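# Fold and contact review
Okay, here's what each chain looks like letter by letter:
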Amino acid sequence: MSVTRDVRTLLDSLGTDPPQVTILDVEPDHEATVGCSVTEGLNLLREARKRRLEVRMLMLSAVSAPDIISQCFDEGASGYLFRAGLGVGAVATAIHGLIRGERLFPVQLLRNDFEHPPAATQPASVLNALTQREREVLGYVAGGADNLKIAAHLQIAERTVKSHVTQLYRKLGAENRTQLALRACHLGVRPPPDL
C-alpha cells in the first residue's frame, strides 16, 4: 500500500502497476489539507476513466452532498463511504466488495432514496413499463458500467445507449445515474454476469 497526494504521480503509478482498488481521501475544496479536494478527486476520476485504467476507486469523505456523490459515481467511482465513525473493518469489507465487482453507495444516500422512492412502487409494474433493451441497459447501469462499456457489451451505438438511459431517467423518476442505479437495486435488477 502506498500513499500519495500528487494526482499525476498516482495516475502514472496506476498505469504501470495498477492495484485492484485505490482509496481517495476527499475533502471539501476549502478544507483539503490531508486528502485531496473534491475538485481534485473528480479530476482524478475523470482522468483515470479517460486513460481506461482498470482500477476500482473508493472515495472516503466527509462530503455528504448528494450532487457531489452522484458526480463521483458519474465520473467512475466504484464506492463512496462517509469517513465519520468509519472503522478499519468497514474499509476492509468495502475493499473486498469492490474487488468482487460490487458498487458501494453510502448508506445515508440509500436511506434517503428509500424515503423518497420513485412514484411507482410495484417493481413488476415498473419493470413491465420498460422495453427489453431498457431492462438490459438498466442492469449494466446497476453494475456501474458507463455508456461506452454498455454499448460494447450490447453491440449498439453509444448514442443509442444514451437514448435508453434518458428514457430510464424519465420512466424511473431518477435525476442522475446514481439514483438510477439505486432504483435498479430497489427493483431487484442485478448486473449481468459478463460485467
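As recorded by an unreviewed UniProt entry, the protein chain carries the name Two component transcriptional regulator, LuxR family and is attributed to Stigmatella aurantiaca.

Right, let's talk about the overall build of the protein chain for a bit. When helices and strands are counted, the protein chain shows 10 helices and four strands. The order of helices and strands in the protein chain, counted from the N terminus, is α-β-β-α-β-α-β-α-α-α-α-α-α-α. Per-residue burial over the protein chain gives 43% buried out of 195 residues. A separation threshold of at least 6 residues defines the contact pool for the protein chain, and within that pool the share at least 24 residues apart is 63%.

This paragraph deals with the sheet that holds strand S2 (residues 36–37). The four strands lie next to each other as S2-S1-S3-S4, forming an open sheet whose pairing is parallel. Edge positions in the sheet fall to S2 and strand S4 (79–82), since each of these pairs with one other strand and no more. Relative to strand S3 (residues 56–61), strand S1 (residues 21–27) is paired through six bridges, and the arrangement is parallel. Along S3, the bridge assignment pairs Asp25 with Leu60.

Attention now moves to the pattern of salt bridges. This model, assessed by the stated rule, comprises five salt bridges. Note that Arg49 and Glu75 form a salt bridge whose closest N and O atoms lie 3.2 Å from each other. In this pair, Arg49 is assigned in helix H2 (residues 38–50) and Glu75 in the loop between helix H3 (66–74) and S4, connecting sequence segments 26 residues apart. For Arg49, a relative accessible area of 37% translates into the label partly exposed. Linking Glu134 and Lys171 is a salt bridge whose minimum nitrogen-to-oxygen distance equals 2.8 Å. In this pair, Glu134 is assigned in helix H7 (residues 132–142) and Lys171 in helix H9 (residues 158–172), connecting sequence segments 37 residues apart.

The subject of this paragraph is the environment of Leu138. By secondary structure assignment, the location of Leu138 is in helix H7. Here Leu138 falls in the buried class, since its relative accessible area comes to 0%. Those residues in contact with Leu138 that lie beyond four places of it in its chain are Leu127, Leu130, Leu168, Leu172, Leu180, Ala184 and Val189.

About the thresholds
- Each chain carries its own residue numbering, running from 1 in the written order of its sequence.
- Given that this is a predicted model, residues contribute local features only at a pLDDT of at least 70 and side-chain atom pairs are listed and counted only at 80 or more, while totals for whole chains, interfaces and linings are drawn from all residues.
- Neither water nor hydrogens contribute to the side-chain values; these are computed over all heavy atoms in the structure.
- Under the scheme used here, helices are H or I runs from DSSP no shorter than 4 residues and strands are E runs no shorter than 2 residues, and both carry numbers assigned from the N terminus.
- Think of it in three bands: residues with accessible area under 20% of the maximum for their type are buried, residues over 50% are exposed, and the middle band is partly exposed, with areas taken using a 1.4 Å probe on protein chains only.
- Residues are treated as being in contact if the distance between any of their heavy atoms lies within 4.5 Å.
- If DSSP finds at least two bridges between two strands, the strands pair.
- The rule for a salt bridge is simple: a side-chain nitrogen of Lys or Arg has to be within 4 Å of a carboxyl oxygen of Asp or Glu.

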